[in-house]
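# Notes for the structure review
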Amino acid sequence: MPDENEFEGEYQGGTVKRFLYVNRRAPHGTIYPHETLEMVLIAAAFDQDVTVVFLDDGVYQIKKDQDTKGIGIKNFTPAFRALDDYDVEKLYVEKESLEARGLTAEDLLVPVEVVSTEELREIMAEQDVVLGG
Amino acid sequence: MKLGILVNEGPFTHQASDTAYRFTEAALAKGHEIPRVFFYHDGVNNANKLSEPQSDDRNLVKLWSELGEKHGLDLVVCVAAALRRGMTDELLAAGFRISGLGQLIETGIEADRLVVFGD
Amino acid sequence: MASRMLHTVNKSPFERNSLNSCLRLARKGSAVLLIEDGVYAAVAGTSVAERVSERMAELSFYVLGPDVAARGLGGAPLIEGFRVVDYDGFVDLVAEHDATQAWL
């Protein structure tokens, strides 16, 4: 989770852009998913129109039952459940990526909309700022 | 046009910062405005003035510093990513400053485009 | 509203799935620019060339020349339809498209 001081000087410009966060990496192996989630929360604090998508290994980020005690790394993934509190409600998972990994929506720790590749293509095409990747 | 830049990798392990630098240089030469270059993840290491590459190789910390100075660029290092990696104000090369991740979002809002360089 | 994206791919298609995912999800009418290790996918005759060619009619393909030359491929034939740009051309592509997405 970001520090409180990250929210200082909240954006007053009134402009709302569509921010897309693309999660394509598995959690814990690298820090990218953790720090990308921090970017999501900040954009939400700026009252931007935030969409978060999970595809490829990114779907593993929201796998239920992650227990990082044994590897000594802080488990950031419960923070995905806080997205709703930040009014980040547009979470999409690509069906093809889930199926390729033997997962279903039941395996995920947050409510998401499972979409086809064609649907995801349309969602991802209509954005102003794309982060993650 | 206003082009915001995000650099997600340090100066040596990946080519990302090199590409970002060349892109920024080309954009400035073409008359575009670069409102901010934001350094996130290991990208914060681009600001480390103690970096000393071999003399026959490029020195990206110095290159960013000099480009920043020449064009008055706002080179911003993310505070949370910097603290994790031991990057403090005392280590900052000329022209860099440490600030919040909100500055990246602000760049995304205010620039016409945000271009991401990472790994 | 129809927006046109510029997709950049900087990973070798032989090591990572970034190009695959980009080709799967880039919408018709957008552009793909291969940079850094991504440029290996622009070379003709490789095992990924057909996958790229399949989308040539719907997407515009570009490759960053300095990265091609740096990797010893300056003289190699590229997949038909690829346009070679320099950093100036990269900047122009960013300016000409509505948004940029980096496939890392």
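Let us look at the structure shown here. Quick caveat, the model's predicted, so the values are computed rather than measured.

## Observations regarding the pattern of salt bridges
Summed over all chains, the structure comprises 28 salt bridges over all chains. For Glu-99 of chain A, the salt bridge identified is with Lys-95 of chain A, shortest N-O distance 3.2 Å. One end of the pair is Glu-99 of chain A and the other is Lys-95 of chain A, both in helix H2 (residues 95–100) and four residues apart, which spans about a single turn. Measuring nitrogen to oxygen at the nearest pair gives 3.1 Å for the salt bridge that ties Asp-119 of chain B to Lys-11 of chain C.

## Brief notes about the pairing of strand E5 (residues 113–117) of chain B
Residues and elements named next belong to chain B. Where burial is concerned, most of E5 is hidden: five out of the five residues are buried. Of the two faces of E5, the one lined by Arg-113, Val-115 and Phe-117 and the one lined by Leu-114 and Val-116 are each fully buried. Relative to E5, strand E1 (residues 3–7) is paired through five bridges, and the arrangement is parallel. Residue pairing across strands places Ile-5 opposite Val-115, the latter belonging to E5.

## A look at helix H2 (residues 60–71) of chain B
Helical geometry note: an α-helix holds 3.6 residues per turn, so side chains three or four residues apart project in the same direction. Residue and element names in this part refer to chain B. The terminal C-alpha atoms of H2 lie 16 Å apart, and with 12 residues this matches the ideal 16 Å at 1.5 Å per residue to within 8%. Among all positions in H2, only Leu-60, Val-61, Trp-64, Ser-65, Leu-67 and Gly-68 are buried. The buried residues of H2 occupy one face: seen down the axis, they fall within an arc of 170 degrees. Residues Glu-69 and Lys-70 are exposed on H2 and point more than 90 degrees away from its buried face. The elements touched by buried residues of H2 are E1, helix H1 (16–29), strand E2 (37–39), strand E3 (75–78) and strand E4 (96–99). Two or three places before Val-61, at the opening of H2, Asn-59 has a side-chain oxygen 3.2 Å from that residue's backbone nitrogen.

## Some words on the interface of chain B and chain A
Taken together, the 22 residues of chain B in the interface contact 21 residues of chain A. Both faces combined, the contact of chain B with chain A buries some 1900 Å², and carbon together with sulfur accounts for 59% of it. Where chain B touches chain A, the interface holds three salt bridges. With a closest N to O distance of 2.5 Å, Glu-35 of chain A and Arg-84 of chain B form a salt bridge. For the interface between chain B and chain A, the tally reads 11 residue pairs in polar contact (both at pLDDT 80 or more). Within the residue set of the side of chain B that touches chain A, elements represented by two or more residues are helix H3 (79–84), helix H4 (102–110) and E5 of chain B. A total of seven residues in the side of chain B that touches chain A trace back to one element, the largest contributor, which is H4 of chain B. Of the residues contributing to the side of chain B that touches chain A, the split by class is 12 nonpolar, four polar and six charged.

## A look at the interface of chain C and chain B
Facing the 20 residues of chain C at the interface are 19 residues of chain B. Taken together, both faces of the contact between chain C and chain B bury some 1600 Å²; the carbon and sulfur share is 61%. When the buried surface of chain C facing chain B is broken down by residue, Glu-36, Tyr-87 and Val-91 of chain C rank first, second and third, together holding 33% of it. Our count for the chain C to chain B interface comes out at two salt bridges. Remark: the boundary between chain C and chain B carries nine residue pairs in polar contact (both at pLDDT 80 or more). Contributing elements (two or more residues each) for the side of chain C that touches chain B: helix H4 (87–96) and strand E5 (99–103) of chain C. By residue number, the principal contributor to the side of chain C that touches chain B is H4 of chain C, which donates seven residues. Considering only residue class, the side of chain C that touches chain B consists of nine nonpolar, three polar and eight charged.

Cut-offs applied
Residues numbered from 1 in each chain as written. Chains lettered and ligands numbered in written order. Predicted model: local features only at pLDDT ≥ 70, side-chain atom pairs only at ≥ 80, totals over all residues. Heavy atoms only, no water. Salt bridge = Lys/Arg side-chain N within 4 Å of Asp/Glu carboxyl O. Helix = DSSP H or I, 4+ residues; strand = E, 2+ residues; numbered from the N terminus. Buried < 20%, exposed > 50% of the residue type's maximum accessible area, 1.4 Å probe, protein only. Pairing = 2+ DSSP bridges. Expected span 1.5 Å × (residues − 1). Arc of directions from axis to C-beta. Contact = heavy atoms within 4.5 Å. Polar contact = N/O pair within 3.5 Å; in protein donor to acceptor, adjacent residues only side chain to side chain. Buried area = accessible area lost by both parts, 1.4 Å probe. Nonpolar A, V, L, I, M, F, W, Y, C, P; charged D, E, K, R; others polar.

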